[in-house]
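# Results of the structural survey
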Amino acid sequence: MNTNEIAVMHKQYVMPTYAPGLALVKGKGTKVWDAEGNEYLDFLAGIAVTNIGHCHPAMVKAVQEQVATLVHVSNIYYNEKQPQLAKSLAEKSGIAGAKCFFCNSGAEANEGLIKLARLWGSATGKYEIITMRQSFHGRTLATLTATGQEKVQKGFAPLPEGFVHANFNDLESVKNAVTSKTAAILCEAVQGEGGVLPADPGFLEGLRELCNAKGILLLFDEVQCGMGRTAKWFGFQNYDVRPDAFSLAKGLGNGYPIGAVVAGEKLADVFQPGHHATTFGGTPLACAAALAVIDVIEQGALLENALGMGAHMVEGLCEIAMKHKKWIAEVRGLGLMLGLVLDVPALPLQKKLQEKGLLTLATAGNVLRFVPPLTVAREDIDRAVELVAEACAELDDEMAGQSSSTCQCG
Ligand SMILES: *Cc1c(COP(=O)(O)O)cnc(C)c1O
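Note on numbering: residues in each chain are counted from 1, in written sequence order. In view of the model being predicted, local features appear only for residues whose pLDDT reaches at least 70, and side-chain atom pairs are presented and counted only at 80 or more, with totals across whole chains, interfaces and linings using the full set of residues. Hydrogen atoms and water are omitted, and side-chain values are computed over all heavy atoms in the structure.

The next thing to look at is the overall build of the protein chain. Here a helix means four or more residues in a row that DSSP labels H or I, a strand means two or more in a row labelled E, and each is numbered from the N terminus. Per the secondary structure count, the protein chain includes 13 helices and 17 strands. Oriented by its inertia axes, the alpha-carbon framework of the protein chain measures out at about 60 × 55 × 45 Å. For the protein chain, buried positions account for 54% of its 410 residues. Whether two residues touch is decided by their heavy atoms; if any such pair falls within 4.5 Å, the residues are in contact. Residue pairs at least 24 apart in sequence account for 73% of intrachain contacts in the protein chain once pairs closer than 6 positions are excluded. Throughout, the Shrake-Rupley method with a 1.4 Å probe supplies accessible areas, and for residues the shown protein chains are the sole cover considered. Counting every atom, the protein chain has about 18,300 Å² of accessible surface; 54% of that belongs to carbon and sulfur. Under the convention used here, Asp and Glu are negative, Lys and Arg are positive, and both His and the chain ends fall outside the count. Throughout, a charge is located at the NZ atom of Lys, the CZ atom of Arg, the CG atom of Asp or the CD atom of Glu. Considering the protein chain, the positive charge centre built from 35 side chains and the negative charge centre built from 43 side chains are found 3 Å apart. Type-normalised accessible area, obtained with a 1.4 Å probe on protein chains alone, sets the label of each residue: buried when under 20%, exposed when over 50%, and partly exposed for intermediate values.

A few words now on the side chain of Ser247. Mapped onto the elements of the fold, Ser247 is located in strand E11 (residues 245-248). A relative accessible area of 0% places Ser247 in the buried class. Any pair of N or O atoms that falls within 3.5 Å is considered a polar contact. Within protein, one atom must be able to donate a hydrogen and the other to accept it, and sequence-neighbouring residues count only if both atoms are side-chain atoms. Side chain to side chain, Ser247 and Asn110 meet in a polar contact 2.6 Å long. Those residues within four positions of Ser247 in sequence are excluded, and the remaining contacts are Ala109, Asn110, Leu113, Phe220, Asp221, Glu222, Val223 and Ala260.

By convention in these notes, a residue is near a molecule or strand provided one of its non-hydrogen atoms lies within 4 Å of it. Surveying the vicinity of the ligand reveals the residues Ser105, Gly106, Ala107, Asn110, Phe136, His137, Gly138, Glu188, Asp221, Val223, Gln224 and Lys250. In the environment of the ligand, a nitrogen atom lies 3.1 Å from a nitrogen or oxygen atom belonging to the backbone of Phe136. One nitrogen or oxygen atom from the side chain of Lys250 is found 2.6 Å from an oxygen atom belonging to the ligand. Notes on the ligand: free accessible area 380 Å², of which the protein chains cover 80%. Judged by the fraction of its atoms near the pocket grid, the ligand is located in the largest pocket. In terms of residue count, helix H5 (residues 106-121) provides more of the shell around the ligand than any other element does, three residues in total. In this count, Pro and Cys sit with the nonpolar residues alongside Ala, Val, Leu, Ile, Met, Phe, Trp and Tyr, while Asp, Glu, Lys and Arg are called charged and the others, Gly among them, polar. Within the shell around the ligand, the residues separate by chemical class into three nonpolar, six polar and three charged. Any residue with an atom within 4 Å of a point lines the site, the site being either a cavity, points on a 1 Å grid over the protein atoms alone where a 1.4 Å probe fits but cannot get out, or a pocket, an open set with protein on both sides within 12 Å along at least 5 of 7 lines. For a molecule to be placed in a cavity or pocket, more than half of its atoms must lie within 2 Å of the grid points of that cavity or pocket.

It is the contact of helix H4 (residues 81-93) with helix H10 (residues 284-299), at a shortest axis distance of 8 Å, that shows an interaxial angle of 40°. Taken together, the axes of H4 and H10 are oblique relative to one another. Here H4 runs over H10; the crossing is left-handed. Judged by residue contacts, Lys81, Gln82, Gln84, Leu85, Ser88, Leu89 and Lys92 of H4 engage Pro284, Cys287, Ala288, Ala290, Leu291, Ile294 and Glu298 from H10. Tallied by class, residues from the contact of H4 with H10 come to eight nonpolar, three polar and three charged. Helix axes are fitted to C-alpha atoms over the stretch in contact, other axes to C-alpha atoms as well, and angles between N-to-C directions run from 0 to 180 degrees. When describing relative orientation, an angle under 35 degrees is termed roughly parallel and one over 145 degrees roughly antiparallel, while 65 to 115 degrees is termed roughly perpendicular and anything else oblique. The hand of a helix crossing depends on one turn: near helix anticlockwise from the far one by less than a right angle means left-handed, and clockwise means right-handed.

Okay, the nonpolar core next. Buried residues of nine kinds, namely Ala, Val, Leu, Ile, Met, Phe, Trp, Tyr and Cys, make up a nonpolar core once their side-chain atoms join them within 4.5 Å. Counting 100 residues, the largest nonpolar core has Leu89, Ile185, Leu204, Leu340 and Leu349 as its most contacted members. With 11 residues, H10 is the largest single contributor of residues to this core. Note that the domain bounds reflect an automated or database-derived domain assignment. Two domains each donate at least three residues to this core, and these are domain 1 (3-55 + 301-403) and domain 2 (59-299). The residues contacting Ile185, other than those within four sequence positions of it, are Ile130, Met132, Val174, Leu207, Leu210, Cys211, Ile216, Leu217, Leu218 and Leu219.

To continue, consider the pattern of salt bridges. For this analysis, a salt bridge means a side-chain nitrogen from Lys or Arg found within 4 Å of a carboxyl oxygen belonging to Asp or Glu. Considering all chains together, one arrives at 14 salt bridges under this definition. One salt bridge in this structure joins Lys175 and Glu172, with 3.9 Å as the shortest N-O distance. Highlighted residues: Lys175 and Glu172, both in helix H7 (residues 171-177), separated by three residues, approximately one helical turn. Two residues, Arg383 and Glu386, come together in a salt bridge whose shortest N-O distance is 2.7 Å. Highlighted residues: Arg383 and Glu386, both in helix H13 (residues 378-400), separated by three residues, approximately one helical turn.

As assigned here, the protein chain comprises domain 1 (3-55 + 301-403) and domain 2 (59-299). Once you take the C-alpha centre of each, domain 1 and domain 2 turn out to be 26 Å apart. With 29 residues of domain 1 at the interface, the matching set in domain 2 holds 32 residues. On inspection of domain 1 and its partner domain 2, the count reaches one salt bridge. Between Arg369 and Glu193 there is a salt bridge, with its nearest N and O atoms 2.8 Å apart. Counting across the interface, domain 1 meets domain 2 through 17 residue pairs in polar contact (both at pLDDT 80 or more). When the residues that make up the side of domain 1 that touches domain 2 are grouped by side-chain class, the tally is 20 nonpolar, seven polar and two charged.

Our next topic: the environment of Asn79. Take Asn79: it is sitting in the loop between helix H3 (57-67) and H4. Separated by 203 residues in sequence, Asn79 and Gly282 place their C-alpha atoms 8.7 Å apart. Ignoring sequence-local partners within four residues, the contact set of Asn79 consists of Val73, Gly282, Thr283 and Pro284. Polar side-chain contacts of Asn79 include one of 3.1 Å to the backbone nitrogen of Lys81. A polar contact of 3.0 Å, which involves the side chain of Asn79, links it to the backbone oxygen of Gly282.

Spatially, the seven strands line up as an open sheet ordered E4-E12-E11-E10-E7-E5-E6, and their pairing is mixed. The sheet terminates laterally at strand E4 (99-103) and strand E6 (163-166), the two strands that pair on one side only. Between one strand and the next, the sheet's axes are offset by a mean angle of 20°, whatever the strand orientation. A pair of strands is treated as paired once DSSP finds two or more bridges between them. As defined by bridge partners, E11 adjoins strand E12 (residues 259-263) across four bridges and the pair is classed as antiparallel. Bridging across to E12, Phe246 finds its partner in Val262.

The following block contains the structure:
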């Protein structure tokens, strides 16, 4: 099928929750190809999902072997992959006594965190959860209510009770939101959908102190910034802070759907039989995929690569930002979770780059997000930066006409 045929059939039979542009049919490493054979450098990586690149041979092998051995048995039975994955994540978290619960997506992992916090708080009448404005936690009813963006909530009332929003990177605002009913604070270390915005040094540590002082749980949503994305296993490890529990999904299975809740001592045994469940969570196949991902990140020293390549990309992007001070405000992010912050909408730049063969994603209106695979090579970064420079030069007149600002780089 060509792109047009795919698009026509899609429009007829698939709900229009998205408006896709390209029809991709093949991927390898940092590259993908569309139905007409055009090649793209993939700095979107399925929205920070394919962290070890497309069709990594080690993952292909692990999944092929497991799919031919045992796919699913339900959680009525043990499977040997699930505790192996749980052990690996618990150890990497650095959180004492950590245990995992496996599910299938980011929203479901956050639902798990929310239910865990409510069950923990139920003994003392605490149920409120404070989340941050501009956050993103998913699209189920509870997680879209947790999400600090009205646009995802519109039309879905009545929303579940017990969610309160505060300002990200504003400790006073969080303190003011605390009541005698507060069970937990839920926060991203780097807001992804909110515009690739890292927590300020001191903010997460301040939340930890506040939680300790008031007997509140600290929960991190690591769905996007986890699994090596920020050049640490988990985004919070860039800070001197440990949560009571956190959620994972996106990069965990490199595209094989799997989510997880990782909880420390205080919460590890709160869920007892009957409290929470999922049919598909933690199948041998999903866990085999995630174990292969972790192995590739370790064997390939991909956290180190993410740090080096991230710094190299920031350098290149800052040079571009300096050249277009009139409409580019700054470059920000951690590791290979980077944002080019514009003073104008980022969509025209995303589109121009796609025409040139570079996939990126505009978010929060004015931020162009780069989340390439952690395997990305120096020459891929150089090529991407070259394409961004070209696109910015071509769009300069149009963009500068809309805005004026001062670049914070350099
Ligand atoms: C993508 C995302 C989610 C939702 O994950 P789904 O798998 O789409 O349900 C939750 N939190 C954050 C931070 C995300 O980036």
